[in-house]
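One letter stands for each residue in the lines below.
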Amino acid sequence: MKIGLVLDDSLDKTDGVQQYVLTLGHYLKRSGHTVHYLVGQTERTDLANVHSLSRNLQVHFNQNRMSTPLPASSRKIKQLLEREQFDVLHVQMPYSPWLAGRIIKQAPSTTAVIGTFHIVPFSKLEARATRLLGLSLRRNLRRFDEVVSVSEPAAAFAKHSFRMRSVVVPNAVNLSAFHTGKRIKRYNDGKVTIVFLGRLVERKGCFYLLKALVSLHAKNYLDNVRVIICGKGPQAKSLEAYVQDHHLGQHVHFTGYLHETDKPDYLASADIAVFPSTGGESFGIVLVEAMATVPGIVLGGDNVGYRSVLQPHPEQLINPSDTVALAKTLRHYIRSKPARERAMRWQRAAAQQYDINKVGETLLGIYQQALQRRQNMQ
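Residues numbered from 1 in each chain as written. Predicted model: local features only at pLDDT ≥ 70, side-chain atom pairs only at ≥ 80, totals over all residues. Heavy atoms only, no water.

S.K.: Break down the environment of Val227 for me, citing the residues and quoting the values.
M.R.: With respect to the helices, strands and loops of the structure, Val227 is situated in strand S11 (residues 225-230). A C-alpha to C-alpha distance of 9.7 Å links Val227 and Ala273, two positions 46 residues apart in sequence. When near neighbours in sequence (up to four residues on either side) are disregarded, Val227 contacts Ile194, Leu213, His251, Val252 and His253. (Helix = DSSP H or I, 4+ residues; strand = E, 2+ residues; numbered from the N terminus. Contact = heavy atoms within 4.5 Å.)

Dropping the structure here:
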């Protein structure tokens, strides 16, 4: 099949939706299919068949920094669709009427159109905004042959804001890149290593982790503990200042921006991986990556997306803003290696359900069924 993966945003970033598109694209190519990327403003040149179809504006939405397309050329889109004759267009949702909306509108009747919902609104404001977007796209949405969501919370959002039923097909992770046999532990000196990995923005909750560490430090519970903060973002300077002001410098270290290829090694070095996100998560790719890699326990913020991954073990869900309870949880797992190892065993097994080879096969089946229905209609 010839498949077009459609994304309004840029492919230059490594956020969750971009990871989904790239992981799926690599899998489809390995499976013998031809893959094109129909995207917003993108500069990268390491991928074949990237069609940058619009200029984009940087905006803040759902507590994230993202880009939204300016109106794309309908003529350019029409020429691309006529030339390539895609069997399937797979659209990342929700989407803008100015790029993905125009692609869908001009898609030939022989092309199957599939959608994937990725987000959960962070606040009532974002929920209202997406509901209005759904109303504005009502006619365009009728063109979809099948819609999936990456989690039950994302499916609930799709139904509420877009009045669309969807099948849950979880986010996919290339677990082979996180196989523990390939990883290098960066620290092996007997200290308990705590790792935070994510953007340094308010929603990801790094401040709450540091606040909990202050109370542990005051009781001398960090004497044999190392804390690694991996990532960059607008909070970086204030977080670093907080560490210095509270005398955590000998325990807490910042790596700055972490390349995707380095991420598995840091996760493999973690006895405790903490992701104290306060909300706006529809799934939790980073949780699955950590579950497959960390030789210890993974703790996640108790939000709807992370809950969908960690719900079999609610003791691993944390309320980030309750830093007293967070400190108590950290203290327990710092002291108990057997508790960390018990968590590791179920995490490694649970992560397998999200492997791209399993999820990709499911998506291919959806493509084939939708395409067959299209062909029967001709």
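S.K.: How would you sum up the pairing of strand S2 (residues 34-39)? Please name residues and give values.
M.R.: Summarising burial for S2: five of the six residues are buried, a large majority. In this fold, strand S1 (residues 2-7) hands off to helix H1 (residues 16-30), which returns the chain to S2; that crossover is right-handed. (Buried < 20%, exposed > 50% of the residue type's maximum accessible area, 1.4 Å probe, protein only. Right-handed = clockwise from strand over helix to strand, strands pointing away.)

S.K.: Can you tell me about the packing of helix H12 (residues 323-335) against helix H13 (residues 337-351), naming the residues and giving the values?
M.R.: It is at 5 Å that the axes of H12 and H13 come closest, and there the two elements cross at 95°. Regarding the angle of H12 to H13, the classification is roughly perpendicular. Along its contact with H12, which presents His332, Tyr333, Ile334 and Arg335, the element H13 presents Lys337, Ala339 and Arg340. Partitioning the contact of H12 with H13 into residue classes produces three nonpolar, one polar and three charged. (Axes fitted to C-alpha atoms, helices over the stretch in contact; angles between N-to-C directions. Parallel < 35°, antiparallel > 145°, perpendicular 65-115°, else oblique. Nonpolar A, V, L, I, M, F, W, Y, C, P; charged D, E, K, R; others polar.)

S.K.: Give me the lowdown on H13, citing residues and values where you can.
M.R.: Between its first and last C-alpha atoms H13 spans 21 Å; for 15 residues at 1.5 Å apiece the expected length is 21 Å, and the two agree. Taken together, the buried positions of H13 are occupied by Ala339, Arg340, Ala343, Met344, Trp346, Gln347, Ala350 and Ala351. Measuring from the backbone nitrogen of Ala339 back to the side-chain oxygen at the start of H13 gives 3.2 Å, which picks out Ser336 as the cap. (Expected span 1.5 Å × (residues − 1). Polar contact = N/O pair within 3.5 Å; in protein donor to acceptor, adjacent residues only side chain to side chain.)

S.K.: Tell me about the side chain of Arg203, residues and numbers included.
M.R.: Here Arg203 shows up in the loop between strand S10 (192-197) and helix H7 (206-218). Classification of Arg203 as buried rests on a relative accessible area of 3%.

S.K.: Could you give an account of the pattern of salt bridges, naming the residues involved and the relevant values?
M.R.: Scanning all chains against the criterion turns up 14 salt bridges. Taking the shortest distance from any N to any O, the salt bridge between Arg44 and Asp46 comes out at 2.7 Å. Here Arg44 falls in the partly exposed class, since its relative accessible area comes to 26%. Classification of Asp46 by relative accessible area gives exposed; the value is 54%. Notably, a salt bridge pairs Lys263 with Glu260, separated by 3.1 Å at the nearest N-O pair. Assessed through its relative accessible area of 5%, Lys263 is described here as buried. Given the relative accessible area of 28%, Glu260 is considered partly exposed. Each of Asp9, Lys13, Asp15 and Arg199 takes part in one network of salt bridges that share partners. (Salt bridge = Lys/Arg side-chain N within 4 Å of Asp/Glu carboxyl O.)

S.K.: Could you give me a rundown of the layout of surface pockets, with the residues and numbers involved?
M.R.: For the second largest pocket, the calculated volume is near 560 Å³. Lining of the second largest pocket is provided by 22 residues; of these, Gln19, Leu22, Thr23, His26 and Glu260 occupy positions nearest its centre. Those elements that place two or more of their residues in the lining of the second largest pocket are H1, helix H9 (263-268) and helix H10 (285-293). Ranked by residues supplied to the lining of the second largest pocket, first place goes to H1 with five residues. (1 Å grid on protein atoms, 1.4 Å probe; cavity = no way out; pocket = protein on both sides within 12 Å on 5 of 7 lines; lining within 4 Å. Points joined across faces, edges and corners; volume = space filled by probe spheres on them.)

S.K.: I'd like to hear about unusual backbone geometry, residue by residue, with values.
M.R.: Working note: non-glycine residues mostly have negative phi, and peptide bonds are mostly trans. A cis amide bond links Met93 with the next residue in sequence, Pro94, at an omega value of 0°. With respect to the helices and strands, the residue Pro94 is situated in the loop between strand S6 (88-93) and helix H3 (100-106). Not every positive phi belongs to a glycine, and Asn220 is a case in point at roughly 60°. Residue placement: Asn220 occurs in the loop between H7 and S11.

S.K.: How would you summarise the environment of Ile104 if you had to cite specific residues and measurements?
M.R.: Within the secondary structure, Ile104 is located in helix H3. In sequence terms Ile104 and Arg143 are 39 residues apart; their C-alpha atoms lie 7.2 Å from each other. When neighbours within four sequence positions are excluded, Ile104 is seen to be in contact with Val91, Tyr95, Val113, Asn140, Arg143 and Phe144.

S.K.: Account for the sheet that holds strand S12 (residues 252-256), naming residues and giving values.
M.R.: The strand order across the open sheet formed by six strands is S12-S11-S10-S13-S14-S15, and the pairing between neighbours is parallel. Two strands bound the open sheet, and with one partner strand each, they are S12 and strand S15 (317-318). Direction of pairing for S11 relative to S12: parallel, over a ladder of four bridges. Paired with Cys230 across the two strands is Gly256, which belongs to S12. (Pairing = 2+ DSSP bridges.)

S.K.: Which residues make up helix H2 (residues 74-84), and what are the values?
M.R.: Every buried residue belonging to H2 is among Ile77, Leu80, Leu81 and Glu84, and all of these are buried. Buried positions in H2, seen along its axis, are confined to an arc of 95° and lie on one side of it. Seen from the open side of H2, the exposed residues pointing more than 90 degrees away from its buried face are Arg75 and Arg83. Of the surrounding secondary structure, the elements contacted by the buried residues of H2 are S1, S2, strand S3 (50-52), S6 and H3. Positive backbone phi, at 50°, marks Gln85, one or two positions downstream of H2. (Arc of directions from axis to C-beta.)

S.K.: Account for a positive patch on the surface, with residues named and values stated.
M.R.: On the surface, Lys105, Arg138, Arg139 and Arg142 cluster together into a patch of positive charge. Of note, Arg139 is situated in helix H5 (residues 138-141). (Patch = residues over 30% accessible without salt bridge, like charges linked within 9 Å, V, L, I, M, F, W, Y side chains within 5 Å. Areas by Shrake-Rupley, 256 points an atom, 1.4 Å probe, with all protein chains shown as cover. Lys, Arg positive; Asp, Glu negative; His and termini not counted. Charge placed at Lys NZ, Arg CZ, Asp CG, Glu CD.)

S.K.: Pulling in residues and values, what's your account of the packing of aromatic side chains?
M.R.: Tallied over the full model, the rule gives seven aromatic pairs. Arranged with centres 6.0 Å apart and planes meeting at 40°, the rings of Tyr95 and Phe144 form a pair that is tilted. Note that Tyr95 is positioned in the loop between S6 and H3 and Phe144 in the loop between H5 and strand S8 (146-149), a separation of 49 residues in sequence. Accessibility expressed as a relative area gives 2% for Tyr95, which makes it buried. Put simply, the rings of Phe117, Phe157 and Phe162 touch in pairs and so form one group of aromatic residues. The ring of Tyr221 has Arg331 sitting right over it, with the charged end atom 3.8 Å from the ring centre. (Phe/Tyr/Trp six-rings, centres within 6.5 Å; stacked < 30°, edge-to-face > 60°. Lys NZ or Arg CZ within 6 Å of the ring centre and 35° of its normal.)

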